[in-house]
Amino acid sequence: ELSGAAGKQRAGKAASGEEEEVKCGLLVRSVGFDLMPMEGLPLDEYKRVAHSHGKVKEESREPGVLGNLYVSGWAKRGPTGIIATNLTDGQETAASILSDIKAAGKPTAADPAAVEAALKEKKIRVVNFPAWRKIEAEEQKMGEARGSPAVKMTDIEQMLK
């Protein structure tokens, strides 16, 4: 549950205690300070998941947990580091995922052109990396005018002008 004004929000447990189950092929959890064990994937005494370059080690899984599992951030190394640490950490895990995909020798279902066409058909505007760099430059320009490194734009209409 989010609380607070836009740009200053904090995430917390829902007051209602309500939970929702969402079926998916990939789960990325990146909220909070404490790590909670996930069923079938226990944490060690340092509150980390046993892994090798981000790929969860087979022996750390409970019986019946199948497939390639990966971790990054605090689940990977415990509650330490800063945002930059997470970037390097995530890159290492992503490299492990890509290596496993290539080693499997099977084509993936990923087709960026199909995704781009579907988004265009639905008139969903995509902010690609060059466009994001323009937004970043504008935030830095606004920050310079206020004597700070940057001012984060939170208004989507303003961002997309």
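Keep in mind the model is a prediction, meaning the values are calculated, not measured.

Trainee: Before we move on, can you summarise the overall build of the protein with the specific residues and values?
Mentor: The number of helices and strands found in the protein is five helices and four strands. When the elements of the protein are put in sequence order from the N terminus, they spell out β-β-β-β-α-α-α-α-α. For the protein, the residues scored as buried account for 14% of the 161 residues in total. Within the protein, residue pairs in contact and separated by at least 24 positions form 29% of the contacts whose partners lie at least 6 positions apart.

Trainee: Report on unusual backbone geometry, specifying residues and quantitative values.
Mentor: Most peptide bonds adopt trans geometry, and most residues besides glycine take a negative phi value. Phi at H53 takes a positive value of approximately 55 degrees, unusual for a residue other than glycine. Residue placement: H53 occurs in the loop between β3 (51–52) and β4 (55–56). Exposure remark for H53: the relative accessible area of 48% places this residue in the partly exposed category. Despite not being glycine, K123 has its phi angle at roughly 60 degrees, a positive value. Note on placement: K123 falls in the loop between α3 (112–121) and α4 (129–146).

Trainee: So, the side chain of T93: which residues are in play, and what are the values?
Mentor: Along the chain, the position of T93 falls in helix α2 (residues 83–104). On the accessibility criterion, T93 (6% relative accessible area) is buried. Ignoring any residue separated from it by four or fewer positions in sequence, one finds T93 in contact with H53, G54, Y70, V71, S72 and K76.

Trainee: An account of α2 is needed here, citing residue identities and associated values.
Mentor: An α-helical turn contains 3.6 residues, so a residue and the one three or four places further along point in the same direction. For α2, with 22 residues, the first-to-last C-alpha span of 32 Å sits near the 32 Å given by 1.5 Å per residue. Taken as a whole, α2 has its buried residues at D89, T93 and S96. All buried residues of α2 project into a common sector of 50 degrees when viewed along the axis, lining one side. Facing away from the buried side of α2 by more than 90 degrees, the exposed set consists of I83, L87, T88, Q91 and K102. Of the surrounding elements, those touching the buried residues of α2 are β3 and α1 (74–77). With its phi angle positive at about 70 degrees, G105 sits one or two positions after the end of α2.

Trainee: Any details on the confidence of the model for the protein? Residues and values, ideally.
Mentor: Do not read the predicted coordinates in detail wherever pLDDT is low. Looking at the protein, pLDDT values average 80 and 85% of them are 70 or higher. Between the elements of the protein, mean pLDDT differs from a low of 68, seen in strand β2 (residues 10–11), to a high of 92, seen in α4.

Parameters and conventions
- Residues numbered from 1 in each chain as written.
- Predicted model: local features only at pLDDT ≥ 70, side-chain atom pairs only at ≥ 80, totals over all residues.
- Heavy atoms only, no water.
- Helix = DSSP H or I, 4+ residues; strand = E, 2+ residues; numbered from the N terminus.
- Buried < 20%, exposed > 50% of the residue type's maximum accessible area, 1.4 Å probe, protein only.
- Contact = heavy atoms within 4.5 Å.
- Expected span 1.5 Å × (residues − 1).
- Arc of directions from axis to C-beta.
- pLDDT = per-residue confidence, 0-100.

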